[in-house]
Amino acid sequence: MTTTSNIQPGVVNSKEAAKILSVSERTVWKLKTDGKLPYVNIGGRTLFRPETIEKYIIEQEVTAS
């Protein structure tokens, strides 16, 4: 299998996280800073686990009442 990305498996950068969430990269950084979106620091880089992003999306779901 050939990969075109140098991102470590299981993590995405803020630009990719923004794309997953359909928000701006600035919003991702605000969510991170506000403690709403957990992240990991690896080698001086801030990265996000796709599973954590999915959990955040689920937690934001609003049901009609």
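Not measured: the values here are computed from a predicted model.

(A) Seen up close, the packing of helix α1 (residues 14–21) against helix α2 (residues 25–33). As a packed pair, α1 and α2 sit with axes 8 Å apart at the nearest point and diverge in direction by 100°. The angle between α1 and α2 places the two elements in the roughly perpendicular class. Side by side, α1 and α2 meet where Ser14, Lys15, Ala17, Ala18 and Leu21 of the first sit next to Glu25, Val28, Trp29 and Leu31 of the second. Classifying every residue of the contact of α1 with α2 by side-chain character gives six nonpolar, one polar and two charged.

(B) Broad picture of the packing of α1 against helix α3 (residues 50–60). Across the interface, α1 lies against α3 with an axial gap of 11 Å and an inter-helix angle of 35°. Two packed elements cross with a definite hand, and for α1 against α3 that hand is right-handed. Taking contact as the criterion, the partners of Ala17, Ile20 and Leu21 in α1 are, on α3, Ile53, Tyr56 and Ile57. Of the residues assigned to the contact of α1 with α3, the class counts are six nonpolar, no polar and no charged.

(C) Summary view of the nonpolar core. Val12, Ala17, Ala18, Leu21, Val28, Leu31, Leu37, Phe48, Ile53 and Tyr56 form the largest nonpolar core, which has ten residues in total. Of all elements in the fold, only α1, α2 and α3 reach the threshold of two or more residues within this core. Broken down by element, this core gets its largest block of residues, three residues, from α1. Non-local contacts of isoleucine 53, meaning those with residues more than four positions away in its chain, are made with Val12, Ala17, Ile20, Leu21, Leu37 and Phe48.

Criteria and thresholds
Residues numbered from 1 in each chain as written. Predicted model: local features only at pLDDT ≥ 70, side-chain atom pairs only at ≥ 80, totals over all residues. Heavy atoms only, no water. Axes fitted to C-alpha atoms, helices over the stretch in contact; angles between N-to-C directions. Helix = DSSP H or I, 4+ residues; strand = E, 2+ residues; numbered from the N terminus. Parallel < 35°, antiparallel > 145°, perpendicular 65-115°, else oblique. Contact = heavy atoms within 4.5 Å. Nonpolar A, V, L, I, M, F, W, Y, C, P; charged D, E, K, R; others polar. Left-handed = near helix turned anticlockwise from the far one by under 90°. Core = buried A, V, L, I, M, F, W, Y, C linked by side-chain atoms within 4.5 Å. Buried < 20%, exposed > 50% of the residue type's maximum accessible area, 1.4 Å probe, protein only.

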